[in-house]
Amino acid sequence: MEGNGHSGSTAREEYEVREHDVLVIGAGGAGLRAAIAVAQKGMSVGVVTKSLLGKAHTVMAEGGIAAALGNVDPDDSWEQHFIDTMNSGKFINNWRKVEIYAKEAPAGVIELEQWGALFNRTEEGKIHQRPFGGHTYRRLAHIGDRTGLEMIRTLQEKLLTTDAEVYMETTVTKLFKDSQGRISGALAYTRESGKFILFKTKAIVMATGGWGRIYKVTSNSWEGTGDGIFLAYDAGAELVDMEMVQFHPTGMVWPPGVRGILVTEGVRGEGGILRNANGERFMERYDPQRMELSTRDVVARANYTEVQEGRGTPHGGVYLDITHLGYDEIMKRLPTMHEQFLKLADVDIAKEPMEVFPTVHYNMGGLKVEPESCATTIPGLFAAGEVAGGLHGANRLGGNSLGDLLVFGRRAGEGAAEYVGQSTHAAGAPDEEVQEEIRRVLEPLTKKPSDRDESPYLLQEELQEAMMQHANLMRDEDSLKEGLRKVLAIKERIPNVRVGGSRLFNPGWHAAQDIRYMANISEIIIRCALERKEKRGAQWRLDCDELVEEYGKINFVVKKNEKGEPVIERREIPPMPEHLAALFKKEKTKV
Ligand SMILES: Cc1cc2nc3c(=O)[nH]c(=O)nc-3n(C[C@H](O)[C@H](O)[C@H](O)COP(=O)(O)OP(=O)(O)OC[C@H]3O[C@@H](n4cnc5c(N)ncnc54)[C@H](O)[C@@H]3O)c2cc1C
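Parameters and conventions
- Residues numbered from 1 in each chain as written.
- Predicted model: local features only at pLDDT ≥ 70, side-chain atom pairs only at ≥ 80, totals over all residues.
- Heavy atoms only, no water.
- Helix = DSSP H or I, 4+ residues; strand = E, 2+ residues; numbered from the N terminus.
- Rg over C-alpha atoms; globule rule 2.2 N^0.38 Å.
- Buried < 20%, exposed > 50% of the residue type's maximum accessible area, 1.4 Å probe, protein only.
- Contact = heavy atoms within 4.5 Å.
- Areas by Shrake-Rupley, 256 points an atom, 1.4 Å probe, with all protein chains shown as cover.
- Lys, Arg positive; Asp, Glu negative; His and termini not counted.
- Charge placed at Lys NZ, Arg CZ, Asp CG, Glu CD.
- Axes fitted to C-alpha atoms, helices over the stretch in contact; angles between N-to-C directions.
- Parallel < 35°, antiparallel > 145°, perpendicular 65-115°, else oblique.
- Salt bridge = Lys/Arg side-chain N within 4 Å of Asp/Glu carboxyl O.
- Pairing = 2+ DSSP bridges.
- Near = heavy atom within 4 Å.
- Polar contact = N/O pair within 3.5 Å; in protein donor to acceptor, adjacent residues only side chain to side chain.
- pLDDT = per-residue confidence, 0-100.
- Core = buried A, V, L, I, M, F, W, Y, C linked by side-chain atoms within 4.5 Å.
- Phe/Tyr/Trp six-rings, centres within 6.5 Å; stacked < 30°, edge-to-face > 60°.
- Lys NZ or Arg CZ within 6 Å of the ring centre and 35° of its normal.

Q: Tell me what's going on with the overall build of the chain, and back it up with residues and numbers.
A: Across its full length, the chain carries 16 helices and 23 strands. Taking 25 Å as the expected radius of gyration for a compact globule of 591 residues, we find that the chain reaches 23 Å, a close match to that expectation. If one aligns the C-alpha atoms of the chain with their principal axes, the spans along those axes are about 70 × 55 × 50 Å. Burial statistics for the chain: of 591 residues in total, 62% are counted as buried. Of all intrachain contacts in the chain linking residues separated by at least 6 positions in sequence, the fraction that spans at least 24 positions is 73%. Surface exposure of the chain reaches about 22,700 Å², of which carbon and sulfur atoms provide 49%. If the 74 positive side-chain charges of the chain are averaged to one point and the 87 negative ones to another, these points end up 1 Å apart.

Q: Help me get a handle on the packing of helix α13 (residues 456-470) against helix α14 (residues 477-493), residues and values and all.
A: Two elements in contact, α13 and α14, have axes whose closest approach is 9 Å; the angle formed by their N-to-C orientations is 170 degrees. Viewed along their axes, α13 and α14 adopt a mutual orientation that is roughly antiparallel. Here L459, E462, L463, A466, M467, Q469 and H470 of α13 lie close against α14, whose contacting residues are S479, L480, E482, G483, K486, V487, I490 and R493.

Q: For the pattern of salt bridges, give the residues involved together with the corresponding values.
A: Summed over all chains, the structure comprises 59 salt bridges. Across the salt bridge formed by D453 and R498, the nearest N and O atoms sit 2.7 Å from each other. Pair noted here: D453 is in the loop between α12 (431-446) and α13 and R498 is in the loop between α14 and α15 (507-531), with a separation of 45 residues, a long-range link. The partly exposed category is assigned to R498, whose relative accessible area is 27%. A salt bridge links E550 to K553; the nearest nitrogen and oxygen atoms lie 3.4 Å apart. On the basis of relative accessibility, which here comes to 40%, the residue K553 falls in the partly exposed class. Linked by salt bridges that have partners in common, R96, E99, K103, E104, E372, R410, R411 and E414 make up one network.

Q: Account for the sheet that holds strand β21 (residues 539-541), with residues named and values stated.
A: Working definition: the strands of a sheet are paired by backbone hydrogen bonds and lie parallel or antiparallel to each other. Pairing is mixed in the open sheet, where 3 strands are placed in the order β19-β21-β20. Because the sheet does not close on itself, it has two edges, and the strands there are β19 (474-475) and β20 (535-536). Pairing geometry for β20 and β21, over 2 bridges, is antiparallel. Across the sheet, the residue bridging to R536 is Q539, located in β21.

Q: Describe the site of the ligand, listing the residues and the values that go with them.
A: With respect to spatial proximity, 39 residues lie near the ligand, and among them T58, G63, E223, E386 and L402 are the closest. In the environment of the ligand, a nitrogen atom lies 2.8 Å from a nitrogen or oxygen atom belonging to the side chain of D227. Taking 1,000 Å² as the accessible area of the ligand by itself, protein coverage stands at 98%. Mapped onto the shell around the ligand, the elements with two or more residues apiece are α1 (29-40), β8 (170-177), β16 (354-363) and α11 (400-422).

Q: Explain the sheet that holds strand β23 (residues 566-572) to me, and be specific about the residues and the numbers.
A: Taking strand neighbours across the sheet as the criterion, the 4 strands line up as β17-β12-β22-β23 in an open arrangement whose pairing is antiparallel. This sheet does not close on itself; its edge strands, each paired only once, are β17 (366-367) and β23. Sheet strands in contact with helix α5 (residues 227-234) are β12 (239-240), β17, β22 (554-560) and β23, and its direction is about 70 degrees off that of β22. Sitting on the sheet, α15 is in contact with β12, β22 and β23, with an inclination near 45 degrees to β23.

Q: So what about unusual backbone geometry? Which residues, and what values?
A: Following W254, the chain continues to P255 via a peptide bond in cis, the omega torsion being -5 degrees. Of note in this structure, E169 is not a glycine but carries a positive phi near 45 degrees. Classification of E169 as partly exposed rests on a relative accessible area of 24%. You will see that D241, though not glycine, has its phi angle at about 55 degrees, which is positive. Tracing the sequence through the fold places D241 in the loop between β12 and β13 (245-252).

Q: So what's going on with the confidence of the model for the chain? Which residues, and what values?
A: Chain-level pLDDT for the chain is 95 on average; 97% of the residues reach the 70-or-more range. In this model, residues 1-9 is a region of pLDDT below 50 whose contacts with residues beyond four sequence positions or in other chains number 18 contacts.

Q: How would you explain the pairing of strand β9 (residues 183-190) if you had to name every residue and give the values?
A: The buried count for β9 comes to 8 of 8 residues, which makes it a mostly enclosed element. Summarising the sheet, β8 and β9 pair through 7 bridges and their orientation is antiparallel. Bridging from a neighbouring strand, T170 pairs with T190 of β9. Where β8 folds back on β9, the antiparallel hairpin that results is connected by 5 residues, among which G181 adopts a positive phi of roughly 80 degrees. Bridge count between β9 and strand β10 (residues 196-200): 5 bridges; the pairing is antiparallel. Bridge pairing links Y189 to F196 in β10. Taking the residues that link successive antiparallel strands as the turn, the β9-β10 hairpin has 5 residues, and the phi of G194 there is positive, at about 75 degrees.

Q: Summarise the nonpolar core; cite the residues concerned and give the values.
A: Grouped together as the largest cluster of nonpolar side chains are 69 residues, with contacts concentrated most on F82 and F119. Setting aside residues no more than four positions away along its own chain, F82 makes contact with W95, V98, E99, A102, M576, L580, L583 and F584.

Q: Provide a residue-level description of the packing of aromatic side chains, including the pertinent values.
A: Following the criterion strictly, the structure yields 14 aromatic pairs and no others. Ring plane angle 50 degrees and centroid distance 6.2 Å describe the contact between Y551 and F556, whose orientation is recorded as tilted. The class of F556 is buried, set by a relative accessible area of 0%. Aromatic ring contacts, followed pair by pair, group W78, F82, F91 and F584 into a single cluster. Over the ring of F408 we find K97; its NZ or CZ atom is 4.9 Å from the centre of that ring. Of note, R396 hangs over the ring of Y362, and the distance from its end group to the ring centre comes to 4.1 Å.

Q: An account of the environment of V567 is requested, with residue identities and associated values reported.
A: By the element assignment, V567 lies in strand β23. Overall, the relative accessible area of 39% leaves V567 in the partly exposed class. Expressed as a C-alpha distance, the spacing of V567 and V299, which sit 268 residues apart in the sequence, is 33 Å. Filtering out sequence-adjacent residues up to four positions away, V567 remains in contact with V557, V558, K559 and N561.

Q: For the environment of L402, give the residues involved together with the corresponding values.
A: In this fold, L402 is placed in helix α11. Distance from L402 to S373, taken between C-alpha atoms, is 18 Å for residues 29 residues apart in sequence. Excluding residues within four positions of it along the chain, L402 makes contact with T58, A61, G64, I65, T147, G148 and M151.

Q: Tell me what's going on with α5, and back it up with residues and numbers.
A: The periodicity of an α-helix, 3.6 residues per turn, causes residues three or four places apart in sequence to face the same way. For α5, the buried fraction is high: 7 of the 8 residues fall into the buried class. Here α5 has its buried residues at D227, G228, I229, F230, L231, A232 and Y233. G236, located one to two residues past α5, shows a positive phi value of around 115 degrees.

Now the structure itself:
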């Protein structure tokens, strides 16, 4: 529905008004799947994406979708997938979320296939499944090493058969609530024209992905600045496990311009061997049983340690060798990796090993949601995909994100639709609140020049450096405290950000919005990392270098107080019900 904004005087800004039963923020796998679910319930849905449709982060996913289909290893089961995921997450996962995921991921994959996704096949014609780190069985359904691309293509085509409206290059900057604290709308601006849109809506599905760009070396795209998690936190939502940042063991290291780009775990899944500069297959020392197919936290620490202790390659990484597979098989199973290394690094991976080193990849932490419907603690706000926490605990297993998008994307969409079906209140936001937010967003463009002006790019760079230096793969109290000091100093300078030019396609203006999200999230990550004094999954505290049983019983939950400061609560994890706990009695856990 189109409407007029307010004409107003020079101090007022016109804005367009749109109304939907449900607004989905994000057009990655989670957002698209949620929007399809809403449309299937016969409700009006708007999908907002700050980039173009088809460009979301999900498109970069390579290795596959983890689902216990049992196509290649018939012994696989949802129970084993549950056990593997809890073991990898070191038992701080939300066990109910994991149970739902393990049970429903196979149906998610089959549905995607029915909607047209062209998976690799076994000889009998079933969906092929490849091995991945930490999965007991061959479990990753995949489309070569371009699984995310095919997922997005399929979901997009499905979405286009519905009445969903898509708003591309449109960036949300604020969520509105009514006097009862329920979601009532969101404000966005378009990147092309800089015009504002007020979305009136009773329910929002937050599906904005992760925040890997707060680090300098990352596999994440420019979109990963953490907008959605901050907007929800700012509106009063709870966050969980924020200290858990996944460092993927294998990012490119050379040449410098491509440092951090992902080398898919599919390479190790297909038999890739890690060696140090002395030619030693060093995983024998770190996890002799699972070797290269150990979990990401273990392999990342191993790669890091090899380099730290002087056994690194000339460019500061370790070798990853897949040459034994031969050119033909590589082109069949890992064509993107072959092209990536040939084009970017002039390395033919069929003839020589790759050089790799850990890169920031994923955020296990996120918005705290109720597992059945993905509802956050704000009425009307739902969340799915990487922006939501709980599923992965202290360490995500490869392939468990793409499945998460399908399972919980659908549940979030259905949860939001059901909520709207039961609500009778009005959506919208008072004009004064809208004008206030517009003024805030425009401030970097409208403020007068001063000698205290800050560049958003330089602040982002400083922040990324600080996070690399102080909240990296390994952490200790002194360094984290120093990192916190730097991040807080950067936060204080954000009000001085000023950018030149107009609103039209102005990347500086967008960067000025992003730095607020990035700095606040960084602060929360560091504060939580300071609280968790142990080594658990992705949290590797050098000064508390062992697993502490007590910390296995709690999540750190963060909420904003009245002064706008983050408050961390230690919240006990409810005990696992007997039918799930019994699964571990047979299994020797590897915590
Ligand atoms: C290189 C790479 C390879 C990977 N491979 C795998 C794999 O093989 N298997 C696996 O399970 N996982 C993999 N992952 C992880 C997985 O791809 C991501 O976790 C997942 O795709 C995230 O999906 P999402 O829907 O939550 O968000 P995204 O796909 O990140 O989409 C976020 C959406 O939100 C929009 N958005 C953000 N902020 C705003 C805003 N303010 N206003 C409006 N819109 C906004 C963006 O424009 C985008 O449309 C990989 C990740 C990377 C980086």
